Amino acid sequence: MVPHSVLLADVDMSVFGTDPWWLVVIKAVFCFAFLLLTVLFSIVWERKVVAWMQLRIGPNRHGPWGMLQSLADGVKLALKEDLVVTASDKVVYILAPVICAIPAFMAIAVIPFGPSDHEISIFGTRTTMQLTDFPVAMLYILAVASIGIYGIVLAGWASGSTYPLLGGLRSAAQMVSYEIAMGLSFAAVFIDAGTMSTSGIVAAQQHTWFAALLPVSFVVYIISMVGETNRAPFDLPEAEGELVGGFNTEYSSLKFAMFMLAEYINMVTVSAVAATMFLGGYRAPWPITAFWAGANHGWWPMLWIVIKIQLLLFFFIWLRGTLPRLRYDQFMKLGWKVLIPVSLVWLVMVATVRTLRNRGIGSTNVALVCLGAVLVVLLLSIVWDMSRKKDEPTAEAEVEFDPMAGGFPVPPLPGQVLPPTPRRPSRTPESVAALMGGDDDAN
């Protein structure tokens, strides 16, 4: 018998696209307002949480408990002088923040906030709690997410400055590295759910969330979404210790605010995608559904997905307040040498398990096949690591070197040591007197 999740590729999409035009406008305005309000709250919440972690006082002046601080900051940015760099490519320089911000709003259109069976009524019209959906909705999200990176790259190039250019190049390399791992984690979900529509993926998690069924894909996506949004500890494109401000160094006023807005909206979007793909979407967690039959009906599903989004946003804040920034080589090594290989091996295992289940093989045999595959991979990695250590040359005797020999200071290589730092001789009364012209004073 073919499992129910395999048949979800035939999810009925006729329920979407039947709303009257005024209802479509209401849903679009809701998506826009939801993102803006969540961003305003998240900025204040981030500052409050980080202040709590660092045992200091956060925003507490504007509004009750400082909740209007982000709104005050937005007004302040809007009233600042808007500068345009003389050496910049002005058209691209102005369009870059727009290219960054617009795609950030677009992905929320396919996120389901509730069931797709017309359970709710808006002004007497039965509708779904989702703006739209289609069979390849997740590919739409990946496409939109990859467009936003062009705004960062173009901002770095059009600024006519070195540091923004380096930040833009870092963003391009970062996107290539982590977009691949993110796509591979999505592919495992597609195989298990049998569909790429967001409503179908949530329906496939009716009994068990994919975070439990596909834990490796969930962890890889969580790491990738932090790298995708340029957030600490992966905020290399705007590392102030290395690049002043990175790609947005030469921006001010509303253009800078649009970059900041795009970053936080992307945080909300990737959190909504994580909740949809791995955490059951709008479905209530198990302890609640065990004693409340109506938890997943009516307007309640919107509450559950909002709570999940806020918990993932807290995860972003927690990382920023806990971990230091990675070096760029560590960051790229994590993406190319860890996340992508692990995702590839995991994807092959998921596809193998799905094929065995489709052919009616028992769960015990499937578990044995998976365990055998894991043991083989571990054995091969141990053998490879041992052979690599044998091939490594022994460390040569440490030799001194001149760091300024090539005309530019360079750090020591392995096996080299810096010469001792020259010390100024201690000052004796005689040397001080000679230095101050003591003989003349004596005369």
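Residues numbered from 1 in each chain as written. Predicted model: local features only at pLDDT ≥ 70, side-chain atom pairs only at ≥ 80, totals over all residues. Heavy atoms only, no water.

Asks: Which residues make up the layout of surface pockets, and what values do they have?
Replies: Using a probe with the size of a water molecule, rolled over the atoms, empty space left in the structure can be pinpointed. There is about 610 Å³ of room inside the largest pocket. Forming the boundary of the largest pocket are 22 residues, of which R231, E238, E263, Y264 and R320 lie nearest the centre. Mapped onto the lining of the largest pocket, the elements with two or more residues apiece are α1 (21-53), α10 (253-278) and α12 (300-322). Element by element, the count of residues in the lining of the largest pocket is highest for α10, at five residues. Classifying every residue of the lining of the largest pocket by side-chain character gives eight nonpolar, four polar and ten charged. Here the second largest pocket is characterised by a volume of approximately 440 Å³. Along the walls of the second largest pocket sit 20 residues, with S70, D73, G74, L77 and A257 positioned nearest its centre. At the level of secondary structure, the elements contributing two or more residues to the lining of the second largest pocket comprise α1, α2 (69-79) and α10. Broken down by element, the lining of the second largest pocket gets its largest block of residues, eight residues, from α2. Looking at the lining of the second largest pocket, its residues break down into 15 nonpolar, two polar and three charged. (1 Å grid on protein atoms, 1.4 Å probe; cavity = no way out; pocket = protein on both sides within 12 Å on 5 of 7 lines; lining within 4 Å. Points joined across faces, edges and corners; volume = space filled by probe spheres on them. Helix = DSSP H or I, 4+ residues; strand = E, 2+ residues; numbered from the N terminus. Nonpolar A, V, L, I, M, F, W, Y, C, P; charged D, E, K, R; others polar.)

Asks: I'd like a rundown of unusual backbone geometry, residues and numbers included.
Replies: Its identity as a non-glycine residue notwithstanding, F123 has a phi of 55 degrees, on the positive side. Its location among the elements puts F123 in the loop between β1 (120-122) and β2 (125-127). Owing to a relative accessible area of 72%, F123 belongs among the exposed residues under this scheme. (Buried < 20%, exposed > 50% of the residue type's maximum accessible area, 1.4 Å probe, protein only.)

Asks: Account for the packing of helix α5 (residues 162-193) against helix α13 (residues 328-358), naming residues and giving values.
Replies: Viewed as axis vectors pointing N to C, α5 and α13 meet at an angle of 15 degrees, and their least axial separation amounts to 9 Å. The orientation of α5 relative to α13 falls into the category roughly parallel. Judged by the sense of rotation from one axis to the other, the crossing of α5 with α13 is left-handed. For the contact of α5 with α13, the per-class residue count stands at 21 nonpolar, four polar and three charged. (Axes fitted to C-alpha atoms, helices over the stretch in contact; angles between N-to-C directions. Parallel < 35°, antiparallel > 145°, perpendicular 65-115°, else oblique. Left-handed = near helix turned anticlockwise from the far one by under 90°.)

Asks: Explain helix α4 (residues 137-158) to me, using residue names and the numbers behind them.
Replies: With 22 residues, α4 extends 33 Å between its outermost C-alpha atoms, agreeing within 8% with the 32 Å of an ideal straight helix rising 1.5 Å per residue. Of the surrounding elements, those touching the buried residues of α4 are α3 (90-106), α5, α6 (198-204) and α10. Among the residues trailing α4, G160 stands out with phi positive, at a value near 70 degrees. (Expected span 1.5 Å × (residues − 1). Contact = heavy atoms within 4.5 Å.)

Asks: Which residues make up a nonpolar patch on the surface, and what values go with them?
Replies: A surface patch of nonpolar side chains, about 500 Å² in accessible area, is lined by W157, Y163, L165, L166 and L169. Within the secondary structure, W157 sits in helix α4. (Patch = residues over 30% accessible without salt bridge, like charges linked within 9 Å, V, L, I, M, F, W, Y side chains within 5 Å. Areas by Shrake-Rupley, 256 points an atom, 1.4 Å probe, with all protein chains shown as cover. Salt bridge = Lys/Arg side-chain N within 4 Å of Asp/Glu carboxyl O.)

Asks: Outline empty space enclosed by the protein, supporting the account with residue identities and numerical values.
Replies: Counted by the stated rule, this structure contains one cavity of 30 Å³ or more. Around the largest cavity sit 26 residues that line it, and A145, G148, E228, T229 and N266 are the ones nearest its centre. Elements that contribute at least two residues to the lining of the largest cavity include exactly α3, α4, α5, α8 (215-228) and α10. Its residues assigned to classes, the lining of the largest cavity shows 18 nonpolar, five polar and three charged.

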